[in-house]
Amino acid sequence: MRWVEICLFDDILPDTGVAALVGGEQVAIFRAGDDVFAISNYDPFSQAYVLARGIVGDKHGVLKVASPIYKHSFDLQTGQCLDNPAVSLPTYPVQVSAGVVQVGTNAPVSPDAR
Amino acid sequence: MRETLIIVGNGMVGHKFIELMVERGAANRYDVVVFGEETRLAYDRVHLSDYFSDRSADDLALATPDLYRAWDVRFFTHDRVQSIQRDDQTLTTASGQTLHYDKLVLATGSSAFVPPIEGRGAVGTFVYRTLNDLDAIRAYAQHAKTGVVIGGGLLGLECANALKLLGLETHVVEFAPRLMPVQIDEQGGKLLRAKIEALGVRVHVSKTTTAIVPGEDGRVEQLTFADGGTLPTDLVVFSAGIRPRDELARTAGLTLGERGGIAISATGQTSDPNIYAIGECAAFDGKVYGLVAPGYQMAAAAADSLMGAAQPACFEGADLSTKLKLLGVDVASFGDAFATTAGSREISFSDHVAGTYKKLVIDKRGKHLLGGILVGDASAYDILHQMVQAQVVLPPHPEDLILPTRSGAASGGLGVDVLPESAKVCSCENLSKGAVCGAIRTHNLTTVGDIKACTKAGTGCGGCVPMLNDLLKAEMKKAGKTITNHICEHFAFSRQELFHRVKVQGLRTFGEVIQACGSSRGCEICKPVVASVLASIWNDHILDKPHAPLQDSNDYFMANIQRDGTYSVVPRVAGGEITPDKLIVIGQVAKDFGLYVKITGGQRIDLFGARVDQLPTIWARLVEAGFESGHAYGKALRTVKSCVGTTWCRYGQQDSVGFAIAVENRYKGLRAPHKLKGAVSGCTRECAEAQSKDFGLIATEKGYNLYVCGNGGVKPQHAQLLAEDLTEEQAVRYLDRFLMFYIRTADRLQRTAPWLNNLDGGIDYLKQVVIDDSLGIAEELERDMAAVVGTYQCEWRTTLGDEEKLKRFRHFVNSDATDPNIVTVEERGQKRPAYSSEREPLVPAGFIPVMDIS
Ligand code: SRM
Ligand SMILES: Cc1cc2nc3c(=O)[nH]c(=O)nc-3n(C[C@H](O)[C@H](O)[C@H](O)COP(=O)(O)OP(=O)(O)OC[C@H]3O[C@@H](n4cnc5c(N)ncnc54)[C@H](O)[C@@H]3O)c2cc1C
Ligand code: SF4
Ligand code: FES
């Protein structure tokens, strides 16, 4: 696995998300407090790539994002859909290093960087 | 081997019987077969009239083919049972089937009685019993102006309401000297008539219809009466009572009741031990019951008997008390309403100002309540009715039960606590207060919906739902819990309470608000609410740093998200007036960006299919041409529609276009608990549909009439008149007050119509607040509105000048690529997003595809 640099941590407003293209996949990266999380950007209920645009919050303390289309919530840590146990999304390794957000990928070096 | 059990009739009671049999494990013992004459499986006849307002046939359905299959019940619809051969235990149907039965249950219901009047078969005469009847009435009413209901009883008035909803001039003709003669007395009848006439239904009592006179084409033209009078009409509905459908039983030689109906025992058995009868076709003790609850009780008795229950339920007659809301008027009648018990005494109270009449019938010794009548305000019905049923001992001053109290508190001594545990709360499901409260406690139920799901109470006629609500409140109170209207788990406040705190404490960001009033981080429910409250009070730009994360996706990108993740663009076109040059700009922009164009229902133009990264460039072009944001994305003022008014129209009374533009420009950008729409019409022809808006102005010779709290949408409701003949200045002042009062006090996502419906005192109260300033806040409301109006900015214009804000408008933070998932196809010369059947969905690796939710 290698780390791909995405953006500055400060580029993401607190409690919001951004979408990134990593190894050909659409990844939604969220900033909640001092932490970052990465899950797929794909909302299976609307079949649109929009989760990064959802509202970040918590349900009984579990950090989550609500899809902007039909408002299904997904656990930011695990990708599990909180409204339907049969649905879960892939998650991605993510870290902040020297103020830069990085996502881990196994994909070969691809042209989608910058 | 299983025996064959056949049910004839798939109405409400026949269906209930099947359900009860299935619950009792009938499938092991019987092969269950049901025949229904109607084209549909059982549906909710009690709520039949809702078919004309807000419910479809599917909504009303009680049974579906899938359900019956799952229950292992064989069913035949649209097949009438024509005869029963008792000697060899078979029956024959209209389609020619002959089947053997071991046990037979007749649940054939009743039919509407059509009095033997000359001309009763003319084209345009109907009854009111089935969905098919309603379809026929609706179709015929399209070409009719006037409708008459013959019969002023319960159903007749319900039917009159339906005709009114269909837009007909409606008359009710009643043979007796008053409406609802069976349920209410002369005094109550007078008041009911006055109330119903005030609603625009013409009432004719003491009228005997002698003939229905058709025209040459065979269509109804008029009614003639015994007193020589006539009444022209296009449509007639008979609602002169019901007759039990006992014809099958009659020809099969079963014993009938004296006045018709199939005679049954307490277990539902007829004179043939293998045949049962239940519901409206059955007569117990010579009496036929035209209500659903007694039918359900018979069904339970028959089911127990057929399953050989150890302690079978018995039917021992039922109470015919009723409460209903007819054309918005409460009427209730219970127990011995006409004081027929020897020595009984009456207490009555009528208030001609409030338009209420209440009567109690009390036994000789003044100890027990025997019955009563309530017209105009039936809020005490549930308790009073139960006091009769449960023989509760009366308080020392029984008149307190119906006299209004001055302080506004609930009437003296009324509360569910006075009822014994055995009081029957839901007669349809035969449940006592004890059973319902027990379920609330054991299963920790917190909503009426929970109670319905857990106990089935309230799922029949629905009449007991208010009582369930009271029981729930009482139980929660005892348990030290309260029913909350809290916004969500993060805020233990209603929207109104939160609004007040934000304003009084001067809180300006979500961080401050959650610290002062909430807990944890917030969620997609409370964040937009707080964003909206902050905007209504302080009116900062919604994309300012602390506010941006709170916004719903639509507000966040100031455009409406579509099913493929692209957005729509709606520039403001105030009052719907637009110059050719501006039209050309819109057209050119659409063309340059390949956007789909549609005229909206709100007199403006919607451009669809813009990618998030295109939004700023598109808006830059529009803003440059003088357009502003249309706030189609916000819970905010949308449009103020106009008609052309004096500008061109030969009937115009005022400049409706000019005023609509002024009003739209005044309130543009105003954020509210839900979206707001307005309209201004130039005369009473009302081409702008102002009476279907949150606020509507209709020009008169002298000025404008102001209507408020109407809407279309999910549950259409007409606006109500707030004030008449206002100058433009007065109209704006009242609008300022009205809108701000709504913004302060409404619940989250509550539009003005439901808000008004929940406002104690309704439109009269609203008039007091807005016009008479009864709360002394008018000036403050106007000031608050002035502050919002004064700080208006076009959200798009500001955003375009702010690099920070513009950063958000790209699909990927790390690439200029666009979303490859967006695929369009061409249709009627424009682009639209492809349906999933039209493309291979681009599903990311590792994802678990599950459903097709579209
Ligand atoms: C575009 C338009 C339909 C059209 O092609 O004509 C439309 C489109 C939408 N309507 Fe509407 N409504 C449009 C006029 C109406 C009207 C007619 C009118 O305003 O005269 C109504 C009924 C009148 C009323 O509101 O009382 C209407 C009743 C609704 C409702 C039901 C509201 C209710 O209280 O029941 C919703 C749902 C909601 O708001 O929660 C809704 C919601 C929506 C949304 C926002 C649904 C959504 O979240 O995606 C649609 C997206 C708009 C977009 O992407 O631009 N729309 N919608 C109309 C835009 C008018 C405009 O210029 O702004
Ligand atoms: C507009 C309206 C409003 C009402 N409001 C209320 C209310 O508020 N509260 C209340 O308690 N009650 C109300 N009622 C009465 C309530 O609907 C009836 O009490 C209830 O439907 C009776 O059920 P049932 O099964 O006995 O008869 P039905 O529901 O009439 O069902 C009988 C079914 O049997 C079918 N059938 C008849 N003969 C045959 C045959 N030979 N072969 C096959 N099928 C046959 C009929 O087509 C019908 O579908 C209302 C009724 C109407 C019409
Ligand atoms: S409402 Fe009256 S003034 Fe306006 S267009 Fe219609 S007819 Fe003309
Ligand atoms: S009394 Fe009919 S549903 Fe409860």
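Below is a short write-up of the structure. (Residues numbered from 1 in each chain as written. Chains lettered and ligands numbered in written order. Predicted model: local features only at pLDDT ≥ 70, side-chain atom pairs only at ≥ 80, totals over all residues. Heavy atoms only, no water.)

### What about the overall build of chain A?
Move 1: On a plain count of helices and strands, chain A comes out with 0 helices and 11 strands.
Move 2: Taking all 114 residues of chain A together, 62% fall into the buried category.
Move 3: Excluding contacts between residues fewer than 6 apart, the proportion of contacts in chain A whose partners are at least 24 apart in sequence is 45%.
Move 4: Entry remark: accessible area of chain A is about 4400 Å², with carbon and sulfur atoms responsible for 51%. (Helix = DSSP H or I, 4+ residues; strand = E, 2+ residues; numbered from the N terminus. Buried < 20%, exposed > 50% of the residue type's maximum accessible area, 1.4 Å probe, protein only. Contact = heavy atoms within 4.5 Å. Areas by Shrake-Rupley, 256 points an atom, 1.4 Å probe, with all protein chains shown as cover.)

### Focus on the nonpolar core
Residues and elements named next belong to chain B.
Move 1: Judged by nonpolar contacts, the single largest core of 94 residues is most densely connected at Phe17, Leu106 and Leu384.
Move 2: Broken down by element, this core gets its largest block of residues, 9 residues, from helix H8 (residues 292–306).
Move 3: Formed by 63 residues, the second largest nonpolar core is a distinct cluster that contains Ala723, Ala731, Leu735 and Val770. (Core = buried A, V, L, I, M, F, W, Y, C linked by side-chain atoms within 4.5 Å.)

### Structural notes on the site of ligand 2
Residue and element names in this part refer to chain B.
Move 1: Looking at ligand 2, there are 31 residues lining it, with Glu37, Glu38, Arg45, Arg129 and Glu280 nearest.
Move 2: Contact between ligand 2 and Glu38: an oxygen atom at 2.6 Å from a side-chain N or O atom of the residue.
Move 3: The contact in question runs from an oxygen atom of ligand 2 to an N or O atom on the side chain of Glu280, over 2.6 Å.
Move 4: Protein coverage of the free-state accessible area of ligand 2, which is 1000 Å², stands at 92%.
Move 5: Of all the secondary structure elements, the ones that give two or more residues to the shell around ligand 2 are helix H1 (12–23) and helix H5 (154–165).
Move 6: Per-element accounting of the shell around ligand 2 gives the leading share, 3 residues, to H1.
Move 7: Per-class residue counts for the shell around ligand 2 are 13 nonpolar, 9 polar and 9 charged. (Near = heavy atom within 4 Å. Polar contact = N/O pair within 3.5 Å; in protein donor to acceptor, adjacent residues only side chain to side chain. Nonpolar A, V, L, I, M, F, W, Y, C, P; charged D, E, K, R; others polar.)

### Some details on the interface of chain B and chain A
Interface size is commonly expressed as the accessible area that is lost once the parts come together.
Move 1: Contacts between the two partners involve 49 residues from chain B and, on the opposite side, 50 residues from chain A.
Move 2: Carbon and sulfur atoms make up 55% of the area that chain B and chain A hide from each other, which totals about 3900 Å².
Move 3: One can count 4 salt bridges joining chain B with chain A.
Move 4: A salt bridge links A:Lys71 to B:Asp552; the shortest N-O distance between them is 3.3 Å.
Move 5: Summed over the shared surface of chain B and chain A, the number is 18 residue pairs in polar contact (both at pLDDT 80 or more).
Move 6: Counting only elements with at least two residues in the side of chain B that touches chain A, the list comes to helix H15 (526–537) and helix H16 (553–557) of chain B.
Move 7: Broken down by element, the side of chain B that touches chain A gets its largest block of residues, 3 residues, from H16(B). (Buried area = accessible area lost by both parts, 1.4 Å probe. Salt bridge = Lys/Arg side-chain N within 4 Å of Asp/Glu carboxyl O.)

### Let's talk about unusual backbone geometry
Move 1: Phi angles above zero are rare outside glycine, and A:Gln47 is one such case at about 60 degrees.
Move 2: Within the secondary structure, A:Gln47 sits in the loop between strand S5 (42–43) and strand S6 (48–49).

### A short note on the packing of H1(B) against H8(B)
Residues and elements named next belong to chain B.
Move 1: With their axes 9 Å apart at the nearest point, H1 and H8 run at an angle of 35 degrees to one another. Crossing handedness for the pair H1 and H8: right-handed. Seen from H1, the contacting residues are Met12, Val13, Lys16, Phe17, Leu20 and Met21; seen from H8, they are Val292, Gly295, Tyr296, Ala299, Ala300, Ala302, Ala303 and Leu306.
Move 2: The class makeup of the residues in the contact of H1 with H8 is 12 nonpolar, 1 polar and 1 charged. (Axes fitted to C-alpha atoms, helices over the stretch in contact; angles between N-to-C directions. Left-handed = near helix turned anticlockwise from the far one by under 90°.)

### Focus: the packing of aromatic side chains
All names here are of chain B.
Move 1: One pass over the structure, following the stated rule, counts 22 aromatic pairs over all chains.
Move 2: Relative to Tyr704, the ring of Phe659 lies with its centre 4.8 Å away and its plane at 35 degrees, an arrangement referred to as tilted. Here the residue Phe659 occupies a position in helix H19 (residues 656–667), and Tyr704 occupies one in strand S36 (residues 704–708), the gap between them amounting to 45 residues. As far as burial versus exposure is concerned, Phe659 and Tyr704 are alike and both buried.
Move 3: Through a chain of ring-to-ring contacts, the aromatic side chains of Tyr556, Phe557, Tyr567, Trp619, Trp796 and Phe809 assemble into a single cluster.
Move 4: Geometry around Phe510 places Lys527 over its ring, the cationic atom sitting 5.8 Å from the centre. (Phe/Tyr/Trp six-rings, centres within 6.5 Å; stacked < 30°, edge-to-face > 60°. Lys NZ or Arg CZ within 6 Å of the ring centre and 35° of its normal.)

### Notes on the side chain of B:Thr233
Residues and elements named next belong to chain B.
Move 1: If you trace the backbone, Thr233 turns up in the loop between strand S15 (230–232) and strand S16 (235–238).
Move 2: In this structure the side chain of Thr233 is engaged in a polar contact, spanning 3.3 Å, whose partner is the backbone oxygen of Thr146.
Move 3: A polar atom in the side chain of Thr233 sits 3.0 Å from the backbone oxygen of Leu235.
Move 4: What Thr233 contacts, discounting residues up to four positions off in sequence, is Thr146, Gly147, Val148, Val220, Glu221, Gln222 and Leu223.

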